[in-house]
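Working through the structure, step by step
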Protein chains: 2
Amino acid sequence: MTPYRISFAGAGRVAGTLCQELCEKGHKIVQIASREGENGTSLVKTCYAEWIDNLNFNIPCDIIIVAVPDNALKEVLTGIKCADDTTVVHTAGSYGLEIFPDVIRKKGVFYPLQTFSKGRKIDFSNVPVFLEASDNEVMELLKSIAYTITTSVYESDTDKRRMLHLAAVFACNFSNHMFTLAKHICLKTCYDFDVLKPLIKETVNKALEYTPEASQTGPAVRNDTETIKKHLELLSFSQEMKKIYIELTDSITELYRIK
Amino acid sequence: MTPYRISFAGAGRVAGTLCQELCEKGHKIVQIASREGENGTSLVKTCYAEWIDNLNFNIPCDIIIVAVPDNALKEVLTGIKCADDTTVVHTAGSYGLEIFPDVIRKKGVFYPLQTFSKGRKIDFSNVPVFLEASDNEVMELLKSIAYTITTSVYESDTDKRRMLHLAAVFACNFSNHMFTLAKHICLKTCYDFDVLKPLIKETVNKALEYTPEASQTGPAVRNDTETIKKHLELLSFSQEMKKIYIELTDSITELYRIK
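Reference entry: report on the structure contained in this document. (Residues numbered from 1 in each chain as written. Chains lettered and ligands numbered in written order. Predicted model: local features only at pLDDT ≥ 70, side-chain atom pairs only at ≥ 80, totals over all residues. Heavy atoms only, no water.)

1. What about the relation of the copies chain B and chain A?
Screw-axis analysis of chain B against chain A gives a translation of 0.0 Å along the axis, an RMSD of 0.0 Å, and a rotation angle of 180°. Such a turn and shift between the copies fits a two-fold axis. Among all residues of chain B, the one whose C-alpha sits closest to the rotation axis is Ser-175 of chain B, at a distance of 2.3 Å. The overlap is high: 100% of the interface residues of chain B also sit at the interface in chain A, so the same surface is used on both sides. (Least-squares fit on C-alpha atoms with pLDDT ≥ 70 in both. Contact = heavy atoms within 4.5 Å.)

2. Examining the nonpolar core
Phe-170 and Leu-196 of chain A together with Phe-170 and Leu-196 of chain B are the most contacted members of the largest nonpolar core, which totals 78 residues. The contacts of Leu-196 of chain A, once residues within four sequence positions are left out, are Ala-182, Lys-183 and Cys-186 of chain A together with Leu-113, Ala-167, Ala-168 and Ala-171 of chain B. (Core = buried A, V, L, I, M, F, W, Y, C linked by side-chain atoms within 4.5 Å. Buried < 20%, exposed > 50% of the residue type's maximum accessible area, 1.4 Å probe, protein only.)

3. Some thoughts on the sheet that holds strand 2 (residues 28–33) of chain B
Residues and elements named next belong to chain B. Taken in spatial order, the eight strands make up an open sheet running 3-2-1-4-5-6-7-8, and their pairing is mixed. The open sheet terminates on both sides in strands that have one partner only, identified here as strand 3 (50–52) and strand 8 (153–155). The average undirected angle you get between the axes of adjacent strands in this sheet is 25°. Strand direction decides the pairing type here: strand 2 and strand 3, joined by three bridges, are parallel. Bridging across to strand 3, Ala-33 finds its partner in Ile-52. (Pairing = 2+ DSSP bridges. Helix = DSSP H or I, 4+ residues; strand = E, 2+ residues; numbered from the N terminus. Axes fitted to C-alpha atoms, helices over the stretch in contact; angles between N-to-C directions.)

4. Side note on the pattern of salt bridges
One pass over the structure, following the stated rule, counts 34 salt bridges over all chains. Between Glu-98 of chain B and Arg-162 of chain B there is a salt bridge, with its nearest N and O atoms 3.6 Å apart. Taken together, the residues Glu-98 of chain B in the loop between strand 5 (87–90) and strand 6 (107–112) and Arg-162 of chain B in helix 5 (residues 158–186) connect sequence positions 64 residues apart. With relative accessibility at 21%, the residue Arg-162 of chain B sits in the partly exposed group. Taking the shortest distance from any N to any O, the salt bridge between Asp-194 of chain B and Lys-197 of chain B comes out at 3.1 Å. Note on Asp-194 of chain B: relative accessible area 45%, which makes it partly exposed. Through salt bridges with shared partners, a single network forms among Glu-21, Glu-24, Lys-25 and Lys-121 of chain A. (Salt bridge = Lys/Arg side-chain N within 4 Å of Asp/Glu carboxyl O.)

5. Considering the packing of aromatic side chains
Under the criterion given, the structure shown has 16 aromatic pairs over all chains. Ring geometry for Phe-130 of chain A and Tyr-191 of chain B: centres 4.9 Å apart, planes at 70°, overall edge-to-face. In this pair, Phe-130 of chain A is assigned in strand 7 (residues 129–133) and Tyr-191 of chain B in the loop between helix 5 and helix 6 (197–209), connecting two distinct chains. A residue is classified by how much of its surface remains accessible, and Phe-130 of chain A, at 0% relative accessible area, is buried. For Tyr-191 of chain B, a relative accessible area of 6% translates into the label buried. A network of ring pairs unites the aromatic residues Tyr-111, Phe-130 and Tyr-154 of chain A together with Tyr-191 of chain B as a single cluster. Lying across the ring of Phe-193 of chain B, Lys-183 of chain B places its NZ or CZ 5.6 Å from the centre. (Phe/Tyr/Trp six-rings, centres within 6.5 Å; stacked < 30°, edge-to-face > 60°. Lys NZ or Arg CZ within 6 Å of the ring centre and 35° of its normal.)

6. Remarks on empty space enclosed by the protein
Scanning all chains against the criterion turns up one cavity of 30 Å³ or more. Roughly 30 Å³ of volume is contained in the largest cavity. The wall of the largest cavity is formed by Cys-172, Asn-173 and Asn-176 of chain A together with Thr-203, Lys-206, Ser-215, Gln-216 and Thr-217 of chain B. Elements that contribute at least two residues to the lining of the largest cavity include exactly helix 5 (158–186) of chain A together with helix 6 of chain B. For the lining of the largest cavity, the element with the most residues is helix 5 of chain A, which contributes three residues. Its residues placed into classes, the lining of the largest cavity shows one nonpolar, six polar and one charged. (1 Å grid on protein atoms, 1.4 Å probe; cavity = no way out; pocket = protein on both sides within 12 Å on 5 of 7 lines; lining within 4 Å. Points joined across faces, edges and corners; volume = space filled by probe spheres on them. Nonpolar A, V, L, I, M, F, W, Y, C, P; charged D, E, K, R; others polar.)

7. Points about the interface of chain B and chain A
The interface is formed by 94 residues belonging to chain B together with 94 residues belonging to chain A. Interface of chain B and chain A: buried area, both sides summed, is about 9000 Å²; carbon and sulfur atoms make up 67% of it. For the pair chain B and chain A, the number of links is 10 salt bridges. A salt bridge links Arg-120 of chain A to Glu-202 of chain B, with the nearest nitrogen and oxygen atoms 2.6 Å apart. Taken together, the links from chain B to chain A amount to 38 residue pairs in polar contact (both at pLDDT 80 or more). (Buried area = accessible area lost by both parts, 1.4 Å probe. Polar contact = N/O pair within 3.5 Å; in protein donor to acceptor, adjacent residues only side chain to side chain.)

8. Digging into helix 3 (residues 70–79) of chain A
Looking only at helix 3 of chain A, the buried set comprises Asp-70, Leu-73, Val-76 and Leu-77 of chain A. The arc enclosing the buried residues of helix 3 of chain A, seen along the axis, measures out at 95°, which places them on a common side. Away from the buried face of helix 3 of chain A by more than 90 degrees, exposed residues Asn-71, Lys-74, Glu-75 and Thr-78 of chain A are located. Elements that come into contact with the buried residues of helix 3 of chain A comprise strand 1 (5–9), strand 4 (63–66) and strand 5 (87–90) of chain A together with helix 8 (225–234) of chain B. (Arc of directions from axis to C-beta.)

9. A few points about the sheet that holds strand 7 of chain A
Residues and elements named next belong to chain A. Ordered by their spatial adjacency, eight strands build an open sheet running 3-2-1-4-5-6-7-8, and the pairing between neighbours is mixed. The sheet is open, and its two borders are formed by strand 3 (50–52) and strand 8 (153–155), each paired with just one other strand. On average, each strand axis in the sheet is inclined to that of its neighbour by 25°, with strand direction left out of account. Set on the sheet, helix 1 (residues 13–24) makes contact with strand 1, strand 2 (28–33), strand 4 and strand 6 (107–112); between it and strand 1 the angle comes to about 170°. Strand contacts of helix 4 (residues 136–149): strand 1, strand 4, strand 5, strand 6, strand 7 and strand 8, with the helix running at about 165° to strand 7, the strand carrying the most contacts.

10. Remarks on the packing of helix 8 (residues 225–234) of chain A against helix 5 of chain B
Running from N to C, helix 8 of chain A and helix 5 of chain B cross one another at 100°; their axes reach a closest spacing of 10 Å. Compared by their axis directions, helix 8 of chain A and helix 5 of chain B come out roughly perpendicular. On helix 5 of chain B, the residues that touch Thr-227, Lys-230, His-231 and Leu-234 of chain A of helix 8 of chain A are Arg-162, Met-163, His-165, Leu-166 and Val-169 of chain B. Class assignment of the residues belonging to the contact of helix 8 of chain A with helix 5 of chain B gives a composition of four nonpolar, three polar and two charged. (Parallel < 35°, antiparallel > 145°, perpendicular 65-115°, else oblique.)

Listed below in structure tokens is the structure:
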């Protein structure tokens, strides 16, 4: 493995997880630029890096990974000062190379398809990383780095990556919200969220081992209108959840009717 | 453990899984009543039971477990012929004791909160089972049987069980449908559903280890209107999925705004 000199802009969830992973795999973390002192200072300690509170990357490095909130991305990229031969990449699913200022010549995207939470260690070994690059040399650098943390590396253009990001919203954010709503309903009985955990585990195991389509159960897929009617009555405490129930039931019914 | 003599009405997913589990735990499966020859005959072989194609349970048993589709439940319960001292229970989340005909004196509900698929073995050891009974003696019998397959046994009235069943629809059926929709979007790129699997695993691990509320990520919870706008444009291929996206994004935004 070639160890690279890697700097970071950002010290949030994505930057923190990625930075620690790359550090553990033997890369040299050079500088971490971050406004928020706490995240940044704790990260530089773990990764033996230097903390800077501006975007002036004045110590030479091979690559700067910019992992900041989407709405700050353009501003941060524009503010970066670094050597001409330094590659700069961002980690956003929804943006491509067009967001970089022209002065950055060597640029790319390093998008890990995963959900990150602060302080939570991820098993990176099979997390897919989708790469885009301004030229072959940058692509080779990105691949070389990506393969040190995962076996699952893909070249991807912006359109595909955007679509994957959208898929991830359904697979992760929306499914997780279903768990939240289920918990909310569960707490209306005297039972704890724990009673739903074996069900959630089995739901996911089944969807991943078979396919989600083949695993679908419940009143909607068996067109059990009596139960659906009863459920809608039970949901009278929340018009919003009732709307969601109707929408998703229609969507399931429609899907399995066509098939 | 007291081995009981147990008969089944139904040989579908719930009946099949439960029947095999009870058989493996040392209970005697007596008769299995089922119209569909194939499920029933294969189940009687595995469980050394007798198959009957009617509801005349003419061999003495302690309990008959009725696990049939909800829309057939009333008819099946009404058709059952058995000894007066035999307990009859159903496994439906949405029905209580009111669905039994008056002639059945000893009755109850044995509701395992889990998703069942044909031929799929479940780890029953911590699957919660919710029990309701017409009298104490029946409740003791149900508990005694339930504790042979799981450590998680609860007494529950019909109202609570109905609410749990509704919670299960969100936790299982709707979350699984999110995986199906995500897969659908994913296949619009050249990538396989496999690229979403590490994300789905981590989503669930996180929700179960922390809480789903604390684990929520994505554009909705961080109120990233730019990304949401882009996603809605990408969803122009499906008005239905667009509606679901809007509904769930509103629901997430609302939840985390209030908190």
